Amino acid sequence: QKEVEQDPGPLSVPEGAIVSLNCTYSNSAFQYFMWYRQYSRKGPELLMYTYSSGNKEDGRFTAQVDKSSKYISLFIRDSQPSDSATYLCAMTATSGSARQLTFGSGTQLTVLP
Amino acid sequence: DAGITQSPRYKITETGRQVTLMCHQTWSHSYMFWYRQDLGHGLRLIYYSAAADITDKGEVPDGYVVSRSKTENFPLTLESATRSQTSVYFCASSESTTIEGYTFGSGTRLTVV
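**Q** Help me understand the nonpolar core in this model?
**A** Counting 24 residues, the largest nonpolar core has Trp35(A), Ile72(A), Leu74(A), Tyr87(A) and Met91(A) as its most contacted members. Of all elements in the fold, only strand E3 (19-25), strand E4 (32-38), strand E5 (45-51), strand E7 (61-66), strand E8 (71-76), strand E9 (85-92) and strand E11 (107-112) of chain A reach the threshold of two or more residues within this core. Counting residues in each nonpolar core, the second largest holds 20 residues, with Ala90(A), Phe33(B), Val88(B) and Phe90(B) among its members.

Shown next, in the form of structure tokens:
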């Protein structure tokens, strides 16, 4: 069993829809939870991150972490065609520079105009 | 230009050949990482380096060799390429104090025929 599970999709939604992306994990040591966005033929870019449990909002994006359930989510409101990308969740136990990230397999999202 | 650059962007090689992927960063980050990305697996850590002349294995190190004689460079060598090493390879570097300071290159798409 993988440490981090993520539904690979693909997920296709109409413009303006609310998108929900999710990951589950098994390692209780994970403390930092990140969402990366990866456009085609590009490297992953950090979208947002959350420390421990709780919610974090940044514009149209909201990240949620439920450590009791080992479940994290990313919500995208008013989705735009420019949001079409692969979204990767990632986790780590430490914030130090030695941190090694454990990734989900990524969810491919297409937002249709 | 400041940043992290990988070369080449695309490479086709034959089974059994040695191939080296290059990674260069201009931030003087201590930590550097090599990941491979495969469909269904997300990104998996191959090797990482804490400083010049200090390297360590990640999750999938077999068949790969790394070196780090200078802080800014972290080449990855496939000593005898196999078809299972066909993948997209990403280099990353890490700044010590913030989650945001973990940055990926644009990747090298390697095909072994």
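**Q** So what exactly am I meant to see when it comes to the sheet that holds strand E3 (residues 19-25) of chain B here?
**A** Hydrogen bonding along the main chain pairs the strands of a sheet, whether they run parallel or antiparallel. Residues and elements named next belong to chain B. Read across the open sheet, the 4 strands follow the order E1-E3-E8-E7; overall the sheet is antiparallel. Edge positions in the sheet fall to strand E1 (4-7) and strand E7 (64-66), since each has one partner strand and no second. Across the sheet, the mean angle from the axis of one strand to that of its neighbour is 20°, orientation sign disregarded. Here 3 bridges tie E3 to strand E8 (residues 76-78), and the two strands are oriented antiparallel to one another. Among the inter-strand pairings, Val19 is bridged to a residue of E8, identified as Leu78.

**Q** Honestly, the interface of chain A and chain B in this entry has me stumped. Any pointers?
**A** Size of an interface: often given as the accessible area lost when the parts come together. Taken together, the contact between chain A and chain B spans 22 residues of the former and 25 residues of the latter. At the junction of chain A and chain B, the tally comes to 0 salt bridges. The interface formed by chain A and chain B includes 3 residue pairs in polar contact (both at pLDDT 80 or more). Tallying contributions element by element places E4(A) first for the side of chain A that touches chain B, with 4 residues. For the side of chain A that touches chain B, a count of residues per class yields 10 nonpolar, 8 polar and 4 charged.

Rules and cut-offs
Residues numbered from 1 in each chain as written. Chains lettered and ligands numbered in written order. Predicted model: local features only at pLDDT ≥ 70, side-chain atom pairs only at ≥ 80, totals over all residues. Heavy atoms only, no water. Core = buried A, V, L, I, M, F, W, Y, C linked by side-chain atoms within 4.5 Å. Buried < 20%, exposed > 50% of the residue type's maximum accessible area, 1.4 Å probe, protein only. Helix = DSSP H or I, 4+ residues; strand = E, 2+ residues; numbered from the N terminus. Pairing = 2+ DSSP bridges. Axes fitted to C-alpha atoms, helices over the stretch in contact; angles between N-to-C directions. Contact = heavy atoms within 4.5 Å. Salt bridge = Lys/Arg side-chain N within 4 Å of Asp/Glu carboxyl O. Polar contact = N/O pair within 3.5 Å; in protein donor to acceptor, adjacent residues only side chain to side chain. Nonpolar A, V, L, I, M, F, W, Y, C, P; charged D, E, K, R; others polar.

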